[in-house]
Amino acid sequence: QRMDISLVEQVKEENMKTIYELNSVVRMSFIEMQFIKKEMMNAMYAMDQMMMSNEINMNLAAVTPTVILLYTVRSLFRYFWYALLQIGKSKEETYAEFRKILLNVERLLVMRDCPPSAPPPMHLNECEKDELLDIRTMDDRNVLSADDLGMLMLHIHSCRNMLWQERHRFTTKDVREVAEDLAELAGERGPVSVKQQLQILGRMYRTHAFMKVVSTGIPFDKVIGGPDY
């Protein structure tokens, strides 16, 4: 509730005309000070209410420049890291290296997919040659040998390391599905033949977008230096 200070000022002015009313002047001065204090408290309370109502807007206004600055610094850092310093690998380079490892796996499996048996030694007679061929046919189960399996596991280990170290280059779905494909390829989900492993590779090439090579639009004869007409 507001108070009219004009009456206090009027009484104070009248009392200041004579020295005998000094006590009344002092009392009026204290009343004025209390009034000023009351008005200041009301003003500060109103400012506090305004600040509280705009607190969310002020916080957003304070955070927005920081977010923009951090995004700009991150973009510049990635630019200098990949483009200028050539320290890290870009997404395309990561995908290309992953495809290269699987290409080596495919080469290994293709060469071990039902290869012809070595010819028997020349010093054996016909009966011994036939027996040796029968033994080789019975032992041939179209699976990798211990050495080839070790080489396959090295390639799979390289793929898993890349999938973990460069996981920010892949989506969560790709990481989960590729990890499952690699487990099947390594025989961790059950015994697999070479033909089945080749089918798993083919499925990986079909289902994962990052394993598909995007055409550059450059004619092949220009790349290999075709004849000029």
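Our subject is the structure listed above.
Report follows, based on the coordinates.

The rules behind the values
- Residues numbered from 1 in each chain as written.
- Predicted model: local features only at pLDDT ≥ 70, side-chain atom pairs only at ≥ 80, totals over all residues.
- Heavy atoms only, no water.
- Core = buried A, V, L, I, M, F, W, Y, C linked by side-chain atoms within 4.5 Å.
- Buried < 20%, exposed > 50% of the residue type's maximum accessible area, 1.4 Å probe, protein only.
- Helix = DSSP H or I, 4+ residues; strand = E, 2+ residues; numbered from the N terminus.
- Contact = heavy atoms within 4.5 Å.
- Axes fitted to C-alpha atoms, helices over the stretch in contact; angles between N-to-C directions.
- Parallel < 35°, antiparallel > 145°, perpendicular 65-115°, else oblique.
- Nonpolar A, V, L, I, M, F, W, Y, C, P; charged D, E, K, R; others polar.
- Phe/Tyr/Trp six-rings, centres within 6.5 Å; stacked < 30°, edge-to-face > 60°.
- Lys NZ or Arg CZ within 6 Å of the ring centre and 35° of its normal.

**Some points on the nonpolar core**
Okay, so step 1: Core analysis: the biggest nonpolar cluster contains 24 residues, and Phe 98 and Met 204 have the highest contact counts within it.
Okay, so step 2: Those elements giving two or more residues to this core turn out to be helix H4 (91-111), helix H6 (146-165), helix H7 (172-185) and helix H8 (194-207).
Okay, so step 3: Residue contributions to this core peak at 7 residues, all from H4.
Okay, so step 4: Excluding its chain neighbours within four sequence positions, the residues that come into contact with Met 204 are Leu 102, Val 178, Asp 181, Leu 182 and Met 211.

**Concerning the environment of Val 105**
Okay, so step 1: Structurally, Val 105 is set in helix H4.
Okay, so step 2: As for Val 105 and Ile 156, which are separated by 51 residues in sequence, their C-alpha atoms are 8.3 Å apart.

**Observations concerning the packing of H6 against H7**
Okay, so step 1: Where H6 meets H7, the axes come as close as 11 Å, and the angle between the chain directions of the two elements is 170°. It follows from the interaxial angle that H6 and H7 lie roughly antiparallel. In this structure, H6 uses Leu 152, Ile 156, Cys 159, Arg 160 and Leu 163 to contact H7, whose residues at the interface are Val 175, Val 178, Ala 179, Leu 182, Ala 183 and Leu 185.
Okay, so step 2: Taken together, the residues that form the contact of H6 with H7 break down as 10 nonpolar, no polar and 1 charged.

**Side note on the packing of aromatic side chains**
Two descriptors summarise a pair of aromatic rings, namely the distance from one centre to the other and the angle between the planes of the rings.
Okay, so step 1: For the coordinates displayed, the defined rule picks out 5 aromatic pairs.
Okay, so step 2: Between Tyr 95 and Phe 170, the aromatic rings sit 5.4 Å apart at their centres with planes inclined by 45°, giving tilted as the arrangement. Taken as a pair, Tyr 95 in helix H4 and Phe 170 in the loop between H6 and H7 lie far apart in primary sequence, 75 residues in all.
Okay, so step 3: Look at Phe 170 and you get buried, because its relative accessible area is 8%.
Okay, so step 4: A network of ring pairs unites the aromatic residues Tyr 95, Phe 98, Phe 170 and Phe 210 as a single cluster.
Okay, so step 5: Lying over the aromatic face of Trp 164, Arg 167 brings its terminal NZ or CZ to 4.0 Å of the ring centre.

Remember that the coordinates give geometry; whether it matters functionally is a separate question.
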